[in-house]
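Residue-level structural notes
This is what each chain is made of:
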Amino acid sequence: MSASMRVPMLDLRREYAYMKADIDAAIRRCLDHQKWILGPEVAELEEKAADYLGVRHTIGTSSGTDALVLALRALAIKTKDREYFDKGDQIITTSFTFTATGDAILRAGATPVFVDIDPDSYNIDPDRIRQYLVRYTQGARAGSAKVVGIIPVHLYGQACDMDEITAIAKEFGLFVLEDVAQAFGGSHGNRKLGSIGTCGAFSFFPSKNLGGFGDGGLLSTNDGEIAEISRMLLKHGGRDKYDVEHIGYNARLDTLQAAVLLAKLTYIDEFNGRRKHVGSLYAAELRKTEGIVVPLSRTASDHVFHQFTIRVLHGRRDALRSSLKESGIESMVYYPVPLTDMKVFHERCVTQENMAVTKRAPHEVLSLPMEPLMEDEEVLSVVRAVRDFQVTGHSA
Ligand SMILES: Cc1ncc(COP(=O)(O)O)c(C=O)c1O
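Read on for a plain summary of the structure. Owing to the predicted nature of the structure, the values given are computational and were not obtained by experimental measurement. (Residues numbered from 1 in each chain as written. Predicted model: local features only at pLDDT ≥ 70, side-chain atom pairs only at ≥ 80, totals over all residues. Heavy atoms only, no water.)

Structural notes on helix α10 (residues 317–326)
Regarding α10, the residues found buried are Arg317, Leu320, Ser323 and Leu324. Angularly, the buried residues of α10 cover 125° about the axis, an arc narrow enough to put them on a single face. In α10, those exposed residues whose orientation departs by more than 90 degrees from the buried face are Lys325 and Glu326. Looking one or two places after α10, you find Gly328, whose phi comes out positive at around 85°. (Buried < 20%, exposed > 50% of the residue type's maximum accessible area, 1.4 Å probe, protein only. Helix = DSSP H or I, 4+ residues; strand = E, 2+ residues; numbered from the N terminus. Arc of directions from axis to C-beta.)

Notes on the sheet that holds strand β12 (residues 350–351)
Within the open sheet, the 8 strands sit side by side as β1-β9-β8-β5-β4-β2-β3-β12. Their pairing is mixed. Edge positions in the sheet fall to β1 (57–61) and β12, since each of these pairs with one other strand and no more. Two elements, strand β3 (residues 111–115) and β12, share 2 bridges in a ladder whose sense is parallel. The residue bridging Val113 from the neighbouring strand is Val350, located in β12. Relative to β1, helix α2 (residues 40–53) is tilted by about 130°, and along the sheet it contacts β1, β8 (199–203) and β9 (217–221). (Pairing = 2+ DSSP bridges. Contact = heavy atoms within 4.5 Å. Axes fitted to C-alpha atoms, helices over the stretch in contact; angles between N-to-C directions.)

Describing the nonpolar core
Membership of the largest hydrophobic core comes to 41 residues, with the highest contact counts inside it found for Leu45, Ile92, Ile129, Tyr132, Ile165, Phe184 and Phe204. Listed by contribution, the elements that provide at least two residues to this core are α2, β3, α5 (126–137), β4 (146–151), α6 (162–172) and α8 (255–265). Per element, the largest residue contribution to this core is 5 residues, and it comes from α2. Both domain 1 (15–116 + 123–265) and domain 2 (268–395) contribute no fewer than three residues apiece to this core. For Ile92, the contacting residues outside a window of four places in its chain are Val113, Val115, Ile124, Ile129, Tyr132, Leu133, Val147, Gly149, Ile150 and Ile151. Core analysis: the second largest hydrophobic core is formed by 36 residues, Phe305, Leu320, Val333 and Leu368 among them. (Core = buried A, V, L, I, M, F, W, Y, C linked by side-chain atoms within 4.5 Å. Domains from an automatic or database assignment.)

Digging into the sheet that holds strand β13 (residues 365–368)
Overall, antiparallel pairing links the 3 strands, which are arranged β10-β11-β13 in an open sheet. Both outer strands of the open sheet, β10 (292–293) and β13, are each paired with one neighbouring strand and no more. Relative to β13, α10 is tilted by about 25°, and along the sheet it contacts β10, β11 (308–312) and β13.

Section: the pairing of β4
Burial analysis of β4 places 5 of its 6 residues in the buried class, which makes it a mostly covered element. Taken together, the 5 bridges between strand β2 (residues 89–94) and β4 define a ladder with parallel strand orientation. When the sheet's bridge partners are listed, Asp89 is paired in β4 with Lys146. Note that the unit made of β4, α6 and strand β5 (residues 175–179) has a crossover that is right-handed. (Right-handed = clockwise from strand over helix to strand, strands pointing away.)

Topic: the site of the ligand
Neighbouring the ligand are 17 residues, the closest being Gly64, Thr65, Asp179, Ser203 and Lys208. Within the contact set of the ligand, an oxygen atom lies 2.7 Å away from a side-chain nitrogen or oxygen of Ser203. Isolated, the ligand exposes 380 Å² of accessible area, and the fraction of that covered by the protein chains is 93%. Listing elements by their share of the shell around the ligand, those giving two or more residues are α3 (64–80) and α4 (99–107). Top contributing element to the shell around the ligand by residue count: α3, with 3 residues. (Near = heavy atom within 4 Å. Polar contact = N/O pair within 3.5 Å; in protein donor to acceptor, adjacent residues only side chain to side chain. Areas by Shrake-Rupley, 256 points an atom, 1.4 Å probe, with all protein chains shown as cover.)

With respect to α5
Compared with an ideal rise of 1.5 Å per residue, which puts 12 residues at 16 Å, α5 spans 16 Å between its outermost C-alpha atoms and is within 8% of the ideal. Taken residue by residue, α5 has Pro126, Arg128, Ile129, Tyr132, Leu133 and Tyr136 as its buried positions. Each buried residue of α5 sits inside an arc of 165° when the element is viewed along its axis, so together they form one side. Check the buried side of α5 and you find it contacts β2, β3, β4, α6 and β12. (Expected span 1.5 Å × (residues − 1).)

A word on the side chain of Thr309
Here Thr309 shows up in strand β11. Polar side-chain contacts of Thr309 include one of 2.8 Å to the side chain of Ser367. In this view, Thr309 contacts Tyr156, Pro295, Val365, Leu366 and Ser367; residues no more than four positions away in its chain are not counted.

Focus on the packing of α2 against α8
The geometry of α2 relative to α8 is characterised by a closest axis approach of 8 Å and an angle of 35° between their N-to-C directions. Here α2 runs over α8; the crossing is left-handed. Each of Glu41, Val42, Glu44, Leu45, Lys48 and Ala49 in α2 lies in contact with α8, whose residues at this interface are Thr255, Ala258, Ala259, Leu261, Leu262 and Leu265. Residue composition of the contact of α2 with α8, grouped by class: 8 nonpolar, 1 polar and 3 charged. (Left-handed = near helix turned anticlockwise from the far one by under 90°. Nonpolar A, V, L, I, M, F, W, Y, C, P; charged D, E, K, R; others polar.)

Written out as structure tokens, the structure is:
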């Protein structure tokens, strides 16, 4: 097979073909019962997801973003007895993430505090969280601001250091909202991601490890009060939509999405296993390539490779990307702009001093094609194209 085999980032048609009989049957059941809003599939998905994740409650939502917002709003209502956090309430997170992580903090009324990331995993660096909290409690941050929580993002499918993060949260009395948008089915030790913090927020965006046929999300928690408040918020803010208590939303998960997701949930372990195989093959083949840094996995279980993202050194990332494109190989940059550099966060966030790793990452990262049903030959074709570029580049 030549190095110029075309390889897309992701071709969801393959997944559909693989599961077609199950998905079509699930959709047909919805067509028969016609219960489109909070139909039986939503409750069934919530039950099965709770079981799978090992949490007491899960609540289907209209997107991962909404799951984050609902969790934060419920936390504000529960802990402050107010509809929203206020600007003095700070939430520590990473700025090397999708916009929604930080945006949800603003929408819940709080202030994001961006701290630097770890250079190996791109995940939030617990040492930098601690550094911020220690300086802050020692009075370096004057005024009435108070850190209330942490949002770790399990970026690219790799678990954050949850032992360290939960220890810090306990020590400083903070909530932890896990952003699990990219890591459904991933674990840390023997616990599923999304079951370790106070709450978890998942996305069912079609390209995710568990993806629907449109937008969808899920909130997970062991806290009955947070579950109850979130359920009210997603249905306009009340137990009874004609007599509401809180400022709510219409943020329900569609029955049809739940039906598709129920069918796909039965494949999640198989598919995450396939992703790990693809990730390991890439890593083994590219590990010794000069100028390329492959993702490091602390343990076999903590990376479910939503993305396989390399670092390209010596300022050659964009040149490699163009060269791959010429060979018919797609790649993506997640993320080209850290949240700290986006206009919406200017004047609305606190940024830790020395964000060197966050600043460098957008110029170095490159996500290569990744999907569970990729053939080894496709992976090897991408590998050859990367190596060819390196060889040509160095002799030029
Ligand atoms: C890290 C992260 N957080 C939050 C979201 C938001 O999820 P959604 O697109 O379902 O609103 C996404 C995905 O798009 C994401 O990747």
